[in-house]
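Architecture at a glance
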Amino acid sequence: MDDFAIKKRKSYGTIMVDIITHQILDMIDSREYKTVCEWLKTYPNLRVISRDGSVTYNNAITNAHPEALQISDRFHLLKNLTSYVTEYLKKRLKPQISIQAVSQETKEVETIKEADENRKLTLKEKYEKIKQLLLEGRCKTEICRSLNMDIRAYDKLIAMTPEEREASFQTKNMIIHEEKVKQKMERVNEVRELKRIGLSNREISRRTGLNRNTVSRYLDENFNPIHASYGKKRNGKLTPYIKEINEYLEKGVMGSYIEEKIREMGYEGSASTVRQYITDWKKRRKNISIEVEKME
């Protein structure tokens, strides 16, 4: 026996399932003591009844079938066991454990973090940093070491003309976005041209198939075809643990171990999200290597 929601937080029913065959025997639209008790009495042959921790069900079964054996279902047995063990461990274990930091390890972690941040930089951002470091009087070797950049890639970037350099800064996503903006502006100009020749917003909507609200937005002189959220990254459940994941990946740690560690740190997202990030990270590393080879 178990309850189920007919309308969540509003009304509930009770279902009876055969333990052996797993087939539904009966259902009623209530979980109230009196109704359940009367319902159970219509089944005089009940000998073993599995249920959750409901006091109402306990009392109804006791009244209807005092000789029947009542057992807790597997889910609630495990749930209760987990809760009791958790509370026991909380009482027995210290809430905080002091770990003495090792200076050399700390230095290595900081180096890994800095290297990882540099790898996230786009080619344009790296070029801007190169110019800044040159103004500070840094030599080529120092700059390449600081930005985790191959010297040959550095030479290639510096030798480019401003036009060639600007073209190399264009990523695939940027090109796709520019094309979408261009297509949208063509649509906007079409709407404005129809308005210029005297058509109403309703007629423009009918001819173009656009919503009238969209037509009104396109006619607004301040309309911007670039989406307000373009270029902005939204934080996900994995975001707070990105640095730690990257550090483990740099050390060649397996994905299953990484997931285990970040869950200990509080990560509650899905395993597939972790796997996808690790796959994308490896692809980025591979693409960087390909870009360097092309620049050679």
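About the cut-offs
- Residues numbered from 1 in each chain as written.
- Predicted model: local features only at pLDDT ≥ 70, side-chain atom pairs only at ≥ 80, totals over all residues.
- Heavy atoms only, no water.
- 1 Å grid on protein atoms, 1.4 Å probe; cavity = no way out; pocket = protein on both sides within 12 Å on 5 of 7 lines; lining within 4 Å.
- Points joined across faces, edges and corners; volume = space filled by probe spheres on them.
- Helix = DSSP H or I, 4+ residues; strand = E, 2+ residues; numbered from the N terminus.
- Nonpolar A, V, L, I, M, F, W, Y, C, P; charged D, E, K, R; others polar.
- pLDDT = per-residue confidence, 0-100.
- Contact = heavy atoms within 4.5 Å.
- Pairing = 2+ DSSP bridges.
- Axes fitted to C-alpha atoms, helices over the stretch in contact; angles between N-to-C directions.
- Salt bridge = Lys/Arg side-chain N within 4 Å of Asp/Glu carboxyl O.
- Buried < 20%, exposed > 50% of the residue type's maximum accessible area, 1.4 Å probe, protein only.
- Core = buried A, V, L, I, M, F, W, Y, C linked by side-chain atoms within 4.5 Å.
- Lys, Arg positive; Asp, Glu negative; His and termini not counted.
- Arc of directions from axis to C-beta.
- Parallel < 35°, antiparallel > 145°, perpendicular 65-115°, else oblique.
- Left-handed = near helix turned anticlockwise from the far one by under 90°.
- Patch = residues over 30% accessible without salt bridge, like charges linked within 9 Å, V, L, I, M, F, W, Y side chains within 5 Å.
- Areas by Shrake-Rupley, 256 points an atom, 1.4 Å probe, with all protein chains shown as cover.
- Charge placed at Lys NZ, Arg CZ, Asp CG, Glu CD.

Some points on the layout of surface pockets
Here the second largest pocket is characterised by a volume of approximately 490 Å³. Lining the second largest pocket are 22 residues, with Met1, Val17, Asp18, Ile19 and Ser50 sitting closest to its centre. Secondary structure elements with two or more residues in the lining of the second largest pocket: strand E2 (11-17), strand E4 (48-51) and helix H3 (74-92). At four residues, the largest contribution of residues to the lining of the second largest pocket is made by E4. Its residues assigned to classes, the lining of the second largest pocket comprises 13 nonpolar, four polar and five charged.

Details of the confidence of the model for the protein chain
Per-residue confidence for the protein chain gives a mean pLDDT of 81; residues scoring 70 or more make up 82%. Note that residues 228-232 has pLDDT below 50 and, in this model, two contacts with residues that lie over four places away or in other chains.

As for the sheet that holds strand E3 (residues 24-28)
Taken in spatial order, the three strands make up an open sheet running E1-E2-E3, and their pairing is antiparallel. The sheet is open, and its two borders are formed by strand E1 (2-7) and E3, each paired with just one other strand. Taken over all neighbouring pairs, the strand axes of this sheet differ in orientation by 30° on average, direction set aside. Judged from the four bridges that link them, E2 and E3 form a sheet pairing that is antiparallel. Paired with Val17 across the two strands is Ile24, which belongs to E3.

A look at the pattern of salt bridges
When the charged atoms of two side chains lie near each other, side chains of opposite charge can form a pair. Applying the stated criterion across every chain yields a total of 13 salt bridges. Residue Asp155 is joined to Lys140 by a salt bridge in which the shortest nitrogen-to-oxygen separation is 3.1 Å. Of this pair, Asp155 sits in helix H7 (residues 151-159) while Lys140 sits in helix H6 (residues 140-147), and the two are 15 residues apart along the sequence. You can call Asp155 partly exposed: its relative accessible area is 34%.

Observations regarding the nonpolar core
Counting 14 residues, the largest nonpolar core has Met1, Val36, Trp39, Leu40 and Ile49 as the members making the most contacts within it. Every element with two or more residues in this core is listed here: helix H1 (33-41) and helix H2 (55-64). Apart from the residues within four sequence positions on either side, Trp39 is in contact with Thr14, Ile15, Met16, Asp26, Met27 and Ile28. Core analysis: the next-biggest nonpolar cluster, separate from the first, contains 12 residues, Leu238, Tyr267, Val274 and Trp281 among them.

What about the side chain of Arg51?
In this structure, Arg51 sits in strand E4. Of the buried charged residues, Arg51 lacks a salt bridge, with Asp52 as the closest side chain of opposite charge at 5.2 Å.

Details of the pairing of E2
In the sheet, E1 pairs with E2 via five bridges, with the strands oriented antiparallel. Looking at E2, one finds that Phe4 is bridged to Gly13. In sequence, E2 turns back onto E3 through a hairpin of six residues, with His22 there showing a positive phi of about 65°.

Digging into helix H10 (residues 201-208)
Within the span of H10, buried status applies to Ile204, Ser205 and Thr208. Seen along its axis, H10 keeps its buried residues to an arc of 100°; they face one direction. Looking at H10, the residues exposed on the side facing more than 90 degrees away from the buried face are Arg202, Arg206 and Arg207. Note on H10: the residue one or two positions beyond its end, Gly209, has a positive phi of about 80°.

Some remarks on the packing of H1 against H2
Between two packed helices, both the angle of their axes relative to each other and the distance between the axes serve to describe the pair. Contact geometry for H1 and H2: axes closest at 9 Å, N-to-C directions at 40°. Between H1 and H2, the crossing angle belongs to the class labelled oblique. Regarding H1 and H2, the two cross each other, and that crossing is right-handed. Taking contact as the criterion, the partners of Tyr33, Val36, Cys37, Leu40 and Lys41 in H1 are, on H2, Thr56, Tyr57, Asn59, Ala60, Ile61, Asn63 and Ala64. Taken together, the residues of the contact of H1 with H2 sort by class into eight nonpolar, three polar and one charged.

Topic: a positive patch on the surface
Among the surface-exposed residues, Lys7, Lys8, Arg9 and Lys10 lie close enough to one another that they form a single positively charged patch. Position of Lys7 relative to the elements: it lies in strand E1.

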